[in-house]
Amino acid sequence: MLQWVTRTVVRFSSIFLCGMLSSVLTVAVIGAQWFASLVGDSVVLAVEVLVTLLALGLVSWLTRRADALARAVGTVRPGSPEEEQADRVLSRFDTAEKAQEFQCLIFLPPAIAGFILLDERLSLYVHGGLLILAIAGAFWQSHRLEHLRQLRGYTTGFGRTVP
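Let us look at the structure shown here. (Residues numbered from 1 in each chain as written. Predicted model: local features only at pLDDT ≥ 70, side-chain atom pairs only at ≥ 80, totals over all residues. Heavy atoms only, no water.)

Observations regarding the overall build of the protein
Thought 1: Assigned secondary structure in the protein consists of five helices and two strands.
Thought 2: Written out in order from the N terminus, the α and β elements of the protein read α-α-α-α-α-β-β.
Thought 3: Buried positions account for 29% of the 163 residues belonging to the protein.
Thought 4: Sequence separation of at least 24 residues holds for 71% of the intrachain contacts in the protein that already meet a minimum separation of 6.
Thought 5: For the protein, the exposed surface amounts to about 10,800 Å²; the carbon and sulfur share of it is 69%. (Helix = DSSP H or I, 4+ residues; strand = E, 2+ residues; numbered from the N terminus. Buried < 20%, exposed > 50% of the residue type's maximum accessible area, 1.4 Å probe, protein only. Contact = heavy atoms within 4.5 Å. Areas by Shrake-Rupley, 256 points an atom, 1.4 Å probe, with all protein chains shown as cover.)

In structure tokens, the structure reads:
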């Protein structure tokens, strides 16, 4: 019973912390966009490209780390001594997946704000094109993460993780 309460408190606090961090990041990115819009549209686009590349790079890095650990550990049967290592692999895959989910949630408001802050028609077209590329990159990373999970034997089915 105590473990259940502890896990519930930890999950709630991590959800709350991630929510606070996402709010701060969203406000920071929109603030950077607004400040850059005072200088010019090209600076707004440069800020958006930089932030998007950093976010996609973070998810890619987390995916590579999870894949490297999964290759080192291999597939583990329940009850074996290596089960703790397999839990670390699942944790890393989950971290990469959560980072990608928060990436999509955090950058949706700045993407919408970009359409409001940009003045020139060409900038709006470039912003829309970059947004399509960012969405395609996020979908590609999601597919790659799921493919690596299945390839290494750490699939997720119906909310239950099975090594």
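We are not done yet, so read on.
Some points on the side chain of Gln141
Thought 1: On the secondary structure map, Gln141 appears in helix H5 (residues 121-152).
Thought 2: For Gln141, a relative accessible area of 7% corresponds to the buried category.
Thought 3: Leaving out residues up to four positions away in the same chain, Gln141 has contacts with Leu56, Val59, Ser60, Gln100 and Gln103.

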